[in-house]
Amino acid sequence: MFIAMNRFRVNPERTNEFEQIWLERETHLQGLPGFVEFHMLRGPREEDHMLYASHTIWKSRQDFEAWTHSEAFRAAHANAGQSRREGLYLGPPKFEGFEVIQTISDASDA
């Protein structure tokens, strides 16, 4: 498994706008080979920003990389640079990719 994360530092006065953008956007993820699950996470509030992270689980790094070269990826990110978002972010998102080396699940979920 592979986990792809992007961390976003968001202007604390514009968190509602940020969340609405993400809740209303088309992800173009469903049905893609290797896609497992997506989460948008709200983290701690810092003095100058609110931290968010997108968290996408893929069956493999190869599946994730294939998505980044796909038409679905281009469609999902088509409006990423809109000028109305100026001042929404404190810098660009920070990508982090992780190979899963251990998974522990709650047996009662089975």
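Residues numbered from 1 in each chain as written. Predicted model: local features only at pLDDT ≥ 70, side-chain atom pairs only at ≥ 80, totals over all residues. Heavy atoms only, no water.

A.B. asks: Could you give me a rundown of the pairing of strand β3 (residues 50-58), with the residues and numbers involved?
C.D. replies: Summarising burial for β3: 9 of the 9 residues are buried, a large majority. The alternating pattern of β3 places M50, Y52, S54, T56 and W58 and L51, A53, H55 and I57 on opposite faces, both of which are buried. In terms of strand pairing, strand β1 (residues 2-10) meets β3 through 9 bridges, oriented antiparallel. Within β3, the residue paired with F2 across the bridge is W58. Bridge count for strand β2 (residues 35-45) against β3 is 8 bridges, and the pairing is antiparallel. Its bridge partner being in β3, R45 is matched across the sheet by M50. (Buried < 20%, exposed > 50% of the residue type's maximum accessible area, 1.4 Å probe, protein only. Helix = DSSP H or I, 4+ residues; strand = E, 2+ residues; numbered from the N terminus. Pairing = 2+ DSSP bridges.)

A.B. asks: Describe in detail the packing of aromatic side chains, supporting the description with residues and values.
C.D. replies: Tallied over the entire structure, the rule returns 13 aromatic pairs. Taking the centre distance of 5.8 Å and the plane angle of 85° together, the rings of F18 and Y89 count as edge-to-face. Remark: Y89 occurs in the loop between α3 (71-76) and β4 (94-99) and F18 occurs in helix α1 (residues 15-24); sequence separation between them is 71 residues. The buried category is assigned to F18, whose relative accessible area is 0%. By relative accessible area, which is 24% here, Y89 ends up partly exposed. Measuring from centroid to centroid gives 6.2 Å for W58 and F64, while their planes differ by 65°, and the two rings are edge-to-face. Take W58: its relative accessible area is 0%, and that puts it in the buried class. On the accessibility criterion, F64 (12% relative accessible area) is buried. Here a set of aromatic residues connected by ring pairs shows up, and it is made of F2, F35, W58, F64, W67 and F95. The ring of W22 has R25 lying over it, and the distance from NZ or CZ to the ring centre is 4.2 Å. (Phe/Tyr/Trp six-rings, centres within 6.5 Å; stacked < 30°, edge-to-face > 60°. Lys NZ or Arg CZ within 6 Å of the ring centre and 35° of its normal.)

A.B. asks: Tell me about the pattern of salt bridges, and name the residues and values.
C.D. replies: As enumerated under the stated definition, the model contains 5 salt bridges in all. A salt bridge links R14 to E17; its shortest N-O distance comes to 2.8 Å. By relative accessible area, which is 26% here, E17 ends up partly exposed. Linking R61 and E65 is a salt bridge whose minimum nitrogen-to-oxygen distance equals 3.9 Å. With R61 and E65 both in helix α2 (residues 61-68), this residue pair falls 4 residues apart, about one helical turn. Of the residues examined, R61 reaches a relative accessible area of 32% and is grouped as partly exposed. Each member of the salt-bridge network shares a partner with another, and the members are R61, E65 and E99. (Salt bridge = Lys/Arg side-chain N within 4 Å of Asp/Glu carboxyl O.)

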